[in-house]
Amino acid sequence: MTASELPRPDNHVIVIFGATGDLAKRKLLPGAFHLQVAGLMPRDYRIIGSAPPSFAMTDEQFIEHAREASAEFGITTPDHPAWAEFTRHLSFSAAEPGNAAGLAEAVQRAEKQIGGNPRRLFHLAVPPAAFTSMVDMLGDSGLATDRSRVIIEKPFGTDLASSRALNRAVHAVFDESQVFRIDHFLGKESVDNILALRFANGLLEPMWNRDYISYAQIDVPETLTIAGRANFYDATGAYRDMVVTHLFQVLGFVAMEPPVSLSARHLRAEKYKVYEALRPLDVRHAVRGQYKGYRSEPGVPADSGTETMVALRAEVDNWRWHGVPFYLRSGKALGASRQVITLGMHEPPLRMFPVIRSDQPTGRRNEIVIDFADPGSISFKFLAKVPGPDMILGASQLAFRYSESFAQANALEGYERLIHLAMLGDQALFTSAEGIERLWEVSTPLLDNPPPVQPYDPGSWGPASVDKLVAPYRWHLPEDAGT
Ligand code: BG6
């Protein structure tokens, strides 16, 4: 389907709260321009950047800010001929709780300019601690109307009680159908391709269960440190930043039963069933690490106990997955930046094949590997006979690479895809209230009794106990990091 055939969102006034912040700079402003060029923005729209008065900008400054952001981070850069037209949609209006009248006027003005009955989309790209007061402000100021929708960033809450309280505050102003809790991993092409791989093909689904699969891994190491994000990160840590949000969302797609359709209702219902079947985490199967030097990062307390890396075993206790460990790992300052799902098949009896080439570190691995970092790949690892007089086995693979298989011209970045869906009112790739609460509920044992952080060397793969966690299996990374 080309962009011109895709449904076009209704006309919109979009308000980005946190418009001077990091997320707006890296993703939201460049993303809006790319959507415009891709023909996926509404026929008419306005984007109003907003921030507290102490960060206020003039319209011209905001346009310059958006230009710099798109030049540095955009898929389409401002030298594109559409840039000048795009800037006509941008303006800035400061607001903060108790002081939103100016913004309300700016929104009404923008609506008049567009004409008709445009929708409002509020994107709360603000620190999680500000979510409740911002939602209250949208209610009190009359900005939130029946035709409004709100995108809320992550992490949504910090535990079960706070996520429930936040949901209550949100539902006091918005109906659940107006709420879009964003997790940009669900906008990644290769994550959505898990649904296609599993449910559009007869090949894999029959073996996508505990009869054939002995373990699953969702591994998202990052080489970057927390550089510059101490305020957010030290209060959040790797578990809340990555696992409750991104990794569990991916797990939902890997583990779900076939949904009746890809509609929001069916997809979210199946994902929720997976979360219902998750066992509360067992702290004996969790490792928290902290990279050496973290406590000297500017803004980090010298005695910080925040984990910069976490690895754990999750269990989906249902007919499909009972007994199959799901190992999750993510962290900063690790040995590589990767986003990899690995499904390990049960090992067959191999005694008829006594020799496996010793220069093949993958040994007897028999795995399905989904690399979901854009543009992504899927590979099957298997053993094959090495040509020669003897029956010697060597590690082999079949690989599908997005970059070599399809034109990338229509590819959208995760945020772009999700913002387009939010404008269409499609919640399929957004987290539900009950889903997020259930994830915090299963997290409670770990949040209540976190094991002490263990130091690890930057550039390593975490403390040694990370390897013990997956025994008798091994992490797919880093041995197979090149594949
Ligand atoms: C963000 C986390 O949500 O996701 C960051 O806050 C992390 O800590 C990032 O680095 C990873 O996402 P991506 O798509 O940039 O790999």
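Structure: above.
Residues numbered from 1 in each chain as written. Predicted model: local features only at pLDDT ≥ 70, side-chain atom pairs only at ≥ 80, totals over all residues. Heavy atoms only, no water.

1. Section: the side chain of Thr306
- Along the chain, Thr306 falls in the loop between strand S8 (286-291) and strand S9 (309-315).
- When its relative accessible area of 11% is taken as the criterion, Thr306 is described as buried.
- Polar side-chain contacts of Thr306 include one of 2.7 Å to the backbone oxygen of Asp234.
- Beyond its immediate stretch of four places on either side in the chain, Thr306 contacts Tyr233, Asp234, Gly237, Arg288, Gln290, Tyr294 and Val453. (Helix = DSSP H or I, 4+ residues; strand = E, 2+ residues; numbered from the N terminus. Buried < 20%, exposed > 50% of the residue type's maximum accessible area, 1.4 Å probe, protein only. Polar contact = N/O pair within 3.5 Å; in protein donor to acceptor, adjacent residues only side chain to side chain. Contact = heavy atoms within 4.5 Å.)

2. Brief notes about helix H4 (residues 101-114)
- Its 14 residues give H4 an end-to-end C-alpha distance of 20 Å, which sits within 8% of 20 Å, the value for a rise of 1.5 Å per residue.
- Here the buried face of H4 lies against strand S1 (12-17), strand S2 (45-50) and strand S4 (119-124).
- Trailing H4 by a residue or two, Gly115 shows a phi angle of about 85 degrees, which is positive. (Expected span 1.5 Å × (residues − 1).)

3. Regarding the packing of helix H1 (residues 22-37) against helix H2 (residues 59-73)
- Between H1 and H2, whose axes approach to 8 Å, the crossing angle comes to 95 degrees. Considering the angle they form, H1 stands roughly perpendicular to H2. Residue-level contacts link Lys25, Arg26, Leu29, Pro30 and Phe33 of H1 to Phe62, His65, Ala66, Ala69, Ser70 and Phe73 of H2.
- Partitioning the contact of H1 with H2 into residue classes produces seven nonpolar, two polar and two charged. (Axes fitted to C-alpha atoms, helices over the stretch in contact; angles between N-to-C directions. Parallel < 35°, antiparallel > 145°, perpendicular 65-115°, else oblique. Nonpolar A, V, L, I, M, F, W, Y, C, P; charged D, E, K, R; others polar.)

4. Describing the nonpolar core
- Counting residues in hydrophobic clusters, the biggest one holds 138 residues, and the most contacted among them are Phe17, Leu124, Phe248, Leu251, Leu312 and Phe326.
- Per-element tally for this core: the top contributor is helix H8 (residues 230-255), with 14 residues.
- In contact with Phe326, other than residues within four places in its own chain, are Ala216, Leu251, Val254, Ala255, Leu312, Arg313, Ala314, Val316 and Trp321. (Core = buried A, V, L, I, M, F, W, Y, C linked by side-chain atoms within 4.5 Å.)

5. Focus on the pairing of strand S7 (residues 213-221)
- Counting buried residues in S7 gives nine out of nine residues, a clear majority hidden from the surface.
- Here S7 runs beside strand S10 (residues 325-331); their pairing, made up of six bridges, is parallel. Paired with Gln217 across the bridge in S10 is Tyr327. (Pairing = 2+ DSSP bridges.)

6. Here we look at the site of the ligand
- Around the ligand lies a shell formed by Lys154, His184, Phe185, Lys188, Glu222, Arg229, Asp241, Met242, His246, Lys332 and Gln339.
- Note that an oxygen atom of the ligand is positioned 2.7 Å from one of the side-chain N or O atoms of His246.
- Taking 400 Å² as the accessible area of the ligand by itself, protein coverage stands at 77%. (Near = heavy atom within 4 Å. Areas by Shrake-Rupley, 256 points an atom, 1.4 Å probe, with all protein chains shown as cover.)

7. Digging into the pairing of strand S5 (residues 148-152)
- Most of S5 is tucked away, with five of its five residues classed as buried.
- Residues Ser148, Val150 and Ile152 point to one face of S5 and Arg149 and Ile151 to the other, with burial holding for every one of them.
- Here five bridges tie S4 to S5, and the two strands are oriented parallel to one another. Residue pairing across strands places His123 opposite Ile151, the latter belonging to S5.
- In this sheet, strand S6 (residues 179-181) lies alongside S5 in parallel orientation, the contact comprising three bridges. Within S6, the residue paired with Val150 across the bridge is Val179.
- After leaving S5, the chain enters helix H6 (residues 160-171) and then returns to the sheet as S6, a path that is right-handed. (Right-handed = clockwise from strand over helix to strand, strands pointing away.)

8. Re the packing of helix H5 (residues 131-140) against H6
- Between H5 and H6, the least distance of the axes is 9 Å, while the angle of their chain directions is 10 degrees. Regarding the angle of H5 to H6, the classification is roughly parallel. Relative to H6, the crossing made by H5 is left-handed. Judged by residue contacts, Phe131, Thr132 and Val135 of H5 engage Leu166, Ala169 and Val170 from H6. (Left-handed = near helix turned anticlockwise from the far one by under 90°.)

9. Thoughts on the sheet that holds S6
- If you trace the six strands from one edge of the open sheet to the other, you get S3-S2-S1-S4-S5-S6, paired in parallel fashion. Two strands close off the open sheet at either side, each with one partner strand: strand S3 (90-92) and S6. Direction aside, the axes of adjacent strands within the sheet are offset by 20 degrees on average.
- Along the sheet, H2 contacts S2 and S3; its crossing angle with S3, the most-contacted strand, is approximately 125 degrees.

10. Notes on the side chain of Glu307
- Here Glu307 shows up in the loop between S8 and S9.
- The exposure class assigned to Glu307 is buried, which follows from its relative accessible area of 7%.
- A polar contact is formed between the side chain of Glu307 and the side chain of Arg288, at a distance of 3.0 Å.
- Glu307 has contacts with Tyr233, Thr236, Gly237, Ala238, Tyr239, Arg240, Arg288, Gly289 and Val453, leaving out every residue within four places of it along the chain.

11. Comments concerning the pattern of salt bridges
- Enumeration according to the criterion identifies 26 salt bridges in this entry.
- As a salt-bridge pair, Asp317 and Arg279 come within 3.1 Å of each other at their nearest N and O atoms. Pair noted here: Asp317 is in the loop between S9 and S10 and Arg279 is in the loop between helix H9 (264-277) and S8, with a separation of 38 residues, a long-range link.
- Residue class for Asp317 comes out partly exposed when judged on its relative accessible area of 34%.
- The partner of Glu441 in a salt bridge is Arg438, with the nearest N and O atoms 3.3 Å apart. Of this pair, Glu441 and Arg438 both sit in helix H12 (residues 433-448), separated by three residues, roughly a single helical turn.
- What you see here is one network of salt bridges that share partners, running through Arg198, Glu205, Glu257 and Arg320. (Salt bridge = Lys/Arg side-chain N within 4 Å of Asp/Glu carboxyl O.)

Purely geometric stuff here, so don't read any function into it on its own.
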